[in-house]
Amino acid sequence: MLKHLIAAALLPALAAPAAALSRKQLQDVIVQCATCHGADGVSRTDEIPNLDGQHDRYLYNQLAAFRSGKRPHKQMRVMGRRLTDAEMWAIAEYYSALPPN
Ligand code: HEC
């Protein structure tokens, strides 16, 4: 019983951990995405989706799906494979906080 209570109290924190990356760490990751998606989340070609202003949970879910291969895409699989959970959340928070264009 106590175990369940503790698990319930911890779950929200596990589901959406606050960005655990430093500014520098976040920049180093975003730089890798920016060539295609832009640092401002506005993509450079119409074959690449914009990310600015997108929901953070949606972005996180897509990155997790690329990483696992559930959402198949060659380039994004390669990008996703290198990302940690903390990085994926930080990226999701970063792009979702940008004003949509
Ligand atoms: C070489 C170009 C390229 C790079 C680099 C790249 N992406 Fe992508 N990304 C794409 C393309 C193309 C798609 C569309 C995938 C599809 O058609 O399913 C995409 C899709 C996505 C999506 C899904 C968007 C949606 O609306 O469903 C997210 C999220 C994403 N990328 C995040 C990132 C992040 C974060 C990085 C850096 C770690 C990154 N991408 C690096 C090309 C790239």
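Look up: the structure comes first, before these words.
Residues numbered from 1 in each chain as written. Predicted model: local features only at pLDDT ≥ 70, side-chain atom pairs only at ≥ 80, totals over all residues. Heavy atoms only, no water.

Asker: Would you mind showing me how to read the pattern of salt bridges here?
Answerer: Note on pairing: side chains with opposite charge can pair once their charged atoms come close. Under the definition given, this model contains 3 salt bridges. Put simply, D40 and R44 hold a salt bridge, and the shortest N to O gap is 3.5 Å. Between R67 and D85 there is a salt bridge whose closest N-O contact spans 3.1 Å. In this pair, R67 is assigned in helix α3 (residues 56-68) and D85 in helix α5 (residues 85-97), connecting sequence segments 18 residues apart. (Salt bridge = Lys/Arg side-chain N within 4 Å of Asp/Glu carboxyl O. Helix = DSSP H or I, 4+ residues; strand = E, 2+ residues; numbered from the N terminus.)

Asker: I tried to follow the coordination of the iron atom of the ligand on my own but got confused; where do I start?
Answerer: The textbook angles at a metal center are 109.5 degrees for a tetrahedron of four donors and 90 or 180 degrees for an octahedron of six. The iron atom of the ligand binds to the protein through H37 (NE2) and M76 (SD); the donor distances cover 2.0 to 2.2 Å. Taken together, the 6 donor atoms coordinating the iron atom of the ligand and their angles of 84 to 179 degrees define a geometry best described as octahedral. One end of the pair, H37, is in helix α2 (residues 23-37); the other, M76, is in helix α4 (residues 74-81), and 39 residues separate them in sequence. (Donors = N, O, S within 2.8 Å, 3.2 Å for Na, K, Ca; no water. Tetrahedral: all angles 85-135°; square planar, octahedral: opposite > 155°, others 65-115°.)

Asker: How do you make sense of the site of the ligand when you look at a structure like this?
Answerer: For the ligand, the set of nearby residues contains 19 residues, the closest of which are C33, C36, H37, Y58 and M76. The side chain of Y58 places a nitrogen or oxygen atom 2.6 Å from an oxygen atom of the ligand. Between the ligand and R71 there is a distance of 2.7 Å, counted from an oxygen atom to a side-chain nitrogen or oxygen. The cavity that encloses the ligand is the largest pocket. Those elements that provide at least two residues to the shell around the ligand are α2, α3 and α4. For the shell around the ligand, the element with the highest residue contribution is α3, accounting for 5 residues. (Near = heavy atom within 4 Å. Polar contact = N/O pair within 3.5 Å; in protein donor to acceptor, adjacent residues only side chain to side chain. 1 Å grid on protein atoms, 1.4 Å probe; cavity = no way out; pocket = protein on both sides within 12 Å on 5 of 7 lines; lining within 4 Å. Sits in = over half its atoms within 2 Å of the grid points.)

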